[in-house]
Amino acid sequence: MPFDVVKTRAQVQLQQKGTRRRAPSLVDAFRTIVRHEGPAALFAGLIPRIMRAGPSCAIMIGAYEAATHYLVEHAEVERAADT
């Protein structure tokens, strides 16, 4: 993802020993990457990121569905007990 590439490169640049420079602006970073490495460089690491995001989203959606189901069931039980 382009913003992840720019963010990661800015972090690396800031962590390099002996540098006291600020990270380049977002627009400058995009321009530099495209100029020196081509537009494809903005999508470096896309496959691993997708491979990680898929299972992560599946777990989140599954947990949400399970929690919703559990809470709805228990709310109905409490309503029945109150009547």
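Residues numbered from 1 in each chain as written. Predicted model: local features only at pLDDT ≥ 70, side-chain atom pairs only at ≥ 80, totals over all residues. Heavy atoms only, no water.

## With respect to helix 2 (residues 26-37)
The end-to-end C-alpha separation of helix 2 is 16 Å, in line with the 16 Å expected for twelve residues at 1.5 Å each. Those residues of helix 2 lying buried are Ala29, Phe30 and Ile33. Down the axis of helix 2, the buried set is contained in an arc of 100°. They therefore lie on one face. Of the residues in helix 2, the exposed ones pointing more than 90 degrees away from the buried face are Arg35 and His36. Against helix 1 (2-15) lie the buried residues of helix 2. Gly38 sits one or two positions beyond helix 2 and adopts a positive phi of about 90°. (Helix = DSSP H or I, 4+ residues; strand = E, 2+ residues; numbered from the N terminus. Expected span 1.5 Å × (residues − 1). Buried < 20%, exposed > 50% of the residue type's maximum accessible area, 1.4 Å probe, protein only. Arc of directions from axis to C-beta. Contact = heavy atoms within 4.5 Å.)

## Considering the nonpolar core
Soluble globular proteins tend to bury their nonpolar side chains together. Formed by Val5, Val6, Ala29, Phe30, Ile33, Ala41 and Leu42, the largest nonpolar core amounts to seven residues. Secondary structure elements with two or more residues in this core: helix 1 and helix 2. For this core, the leading source of residues is helix 2, giving three residues. (Core = buried A, V, L, I, M, F, W, Y, C linked by side-chain atoms within 4.5 Å.)

## Description of the pattern of salt bridges
For the structure shown, the criterion picks out two salt bridges. Notably, a salt bridge pairs Arg9 with Glu37, separated by 2.5 Å at the nearest N-O pair. In this pair, Arg9 is assigned in helix 1 and Glu37 in helix 2, connecting sequence segments 28 residues apart. Classification of Arg9 as partly exposed rests on a relative accessible area of 32%. On the accessibility criterion, Glu37 (46% relative accessible area) is partly exposed. (Salt bridge = Lys/Arg side-chain N within 4 Å of Asp/Glu carboxyl O.)

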